[in-house]
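In case you want the letters, here they are:
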Amino acid sequence: MPDASAVTAAVLDDMREESDELDLLVAGLSAPEWAAPTPAEGWTVAHQIAHLNWTDEVALVAATEPDAFAVEVEKALAAPETFVGDAAQEAVTALTPEALLVEWREGRARLQEALRAAPAGAKLPWYGPPMSVASMASARLMETWAHGQDVADALGVTRKPTARLRHVARIGVRARDYAYFVRGLQPPAEQFRVELLAEDGESHTYGPEGAAQRVTGPLLDFCLLVTQRAHRDDLTVEAVGADAGQWLDIAQAFAGPAGPGRPRQADR
């Protein structure tokens, strides 16, 4: 079995690579491209990067100043529907795209350093349950990939799926019950079987093989579903069983209130 510290280091490497790939996408953008609308209503490309920059900053606070992070949680509880968007808008208003890019680069480098320096077995506070360093890195990777998808869609760019999607899928599966709780619903008692196929032919499976409730489909489509970057009807993720079908309608890999999701392509 791999050493826990080696596993954490590998996830941190993947987290850095995900951000670096998005950096390459936005580094040379013109002012009109930074202002291009993304599929997230009211958010431009600049808003997407500003949000990632802000989330990296609060993750750094969580990793280094847990008491100060508790104040951030209080702010979120006071305005659960708006605090994320307000933070992104504040940064976009205050910074030029060039300055925002510098801040994002410097901030994510500081976060990398702090997470790599965290003690073995550390549990970091977050807006949901406390997380290990590896889980925090996976969550940052997931969010970077999801918001990077919004940027790519805005720019008309098709990104090549990478092996890093396994982190996004794993969070989506592990967050199954959260998707129910955040909507005031009781999650099913039994486990589901999830079988996903990556473009390179690698299979990613979760849950008992003999489970009656099953989800199957391409790894990329599942990741788009659980990050709510595409409507279920526009993807080839299939469910067997009523409970599995309900989950696919509400799945979310991110913490916070239930998102509105994306409309069907035919309805846009």
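Each value, and the rule that gives it
Residues numbered from 1 in each chain as written. Predicted model: local features only at pLDDT ≥ 70, side-chain atom pairs only at ≥ 80, totals over all residues. Heavy atoms only, no water. Pairing = 2+ DSSP bridges. Helix = DSSP H or I, 4+ residues; strand = E, 2+ residues; numbered from the N terminus. Axes fitted to C-alpha atoms, helices over the stretch in contact; angles between N-to-C directions. Contact = heavy atoms within 4.5 Å. Buried < 20%, exposed > 50% of the residue type's maximum accessible area, 1.4 Å probe, protein only. Polar contact = N/O pair within 3.5 Å; in protein donor to acceptor, adjacent residues only side chain to side chain. Phe/Tyr/Trp six-rings, centres within 6.5 Å; stacked < 30°, edge-to-face > 60°. Lys NZ or Arg CZ within 6 Å of the ring centre and 35° of its normal. Core = buried A, V, L, I, M, F, W, Y, C linked by side-chain atoms within 4.5 Å.

A. Representation of the sheet that holds strand β3 (residues 193-197) within the structure. Taken in spatial order, the 4 strands line up as β4-β3-β5-β6 in an open sheet, and their pairing is mixed. Strands with a single pairing partner mark the edges of an open sheet, and in this sheet they are β4 (203-206) and β6 (238-240). Going across the sheet, the axis of each strand differs from the next one's by a mean of 10 degrees, ignoring polarity. Two strands pair when backbone bridges link them, and strand β5 (residues 214-218) and β6 are joined in this way by 3 bridges, in the antiparallel orientation. Residue pairing in the sheet places Thr216 in a bridge with Glu238 of β6. Against the sheet, helix α10 (residues 219-226) contacts β3, β4 and β5, and its axis sits at roughly 115 degrees relative to β5. Relative to the sheet, helix α11 (residues 242-250) contacts β3, β5 and β6, its axis offset from that of β6 by approximately 145 degrees.

B. Focus on the side chain of Asp14. Here Asp14 shows up in helix α1 (residues 4-26). Under the relative-accessibility criterion, Asp14 is labelled buried at 11%. Looking at Asp14, its side chain comes within polar contact range of the side chain of His167, at 2.8 Å.

C. Summary view of the packing of aromatic side chains. What the rule picks out here adds up to 5 aromatic pairs. Between Phe69 and Trp126, the aromatic rings sit 5.5 Å apart at their centres with planes inclined by 5 degrees, giving stacked as the arrangement. In this pair, Phe69 sits in helix α4 (residues 66-78) while Trp126 sits in the loop between β1 (123-124) and β2 (131-132), placing the two residues 57 residues apart along the sequence. Where Phe69 meets Tyr127, the ring centres are 5.2 Å apart and the plane angle is 65 degrees; that geometry is what we call edge-to-face. One end of the pair, Phe69, is in helix α4; the other, Tyr127, is in the loop between β1 and β2, and 58 residues separate them in sequence. On the basis of relative accessible area, Phe69 is assigned to the buried category, the value being 1%. A relative accessible area of 25% means that Tyr127 is categorised as partly exposed. The aromatic ring of Trp104 is capped on one face by Arg108, whose charged end is 4.2 Å from the ring centroid. Here the guanidinium or amino end of Arg176 rests over the ring plane of Phe192, the centre of that ring lying 4.4 Å away.

D. Region of interest: the nonpolar core. Counting residues in hydrophobic clusters, the biggest one holds 55 residues, and the most contacted among them are Leu115, Trp126, Met136, Val194, Val215, Phe222 and Trp247. The dominant element in this core, judged by the number of residues it contributes, is helix α7 (residues 133-155), at 8 residues. Leaving out residues up to four positions away in the same chain, Leu115 has contacts with Leu12, Met15, Ala63, Leu124, Val133 and Met136. Counting 18 residues, the second largest nonpolar core, distinct from the first, contains Trp34, Ile49, Ala50 and Leu52.

E. Structural context of the environment of Arg105. Relative to the helices and strands, Arg105 is located in helix α6 (residues 97-117). Each C-alpha atom of the pair Arg105 and Thr236 lies 35 Å from the other, and the pair is 131 residues apart in sequence. Arg105 has contacts with Asp23 and Ala27, leaving out every residue within four places of it along the chain.

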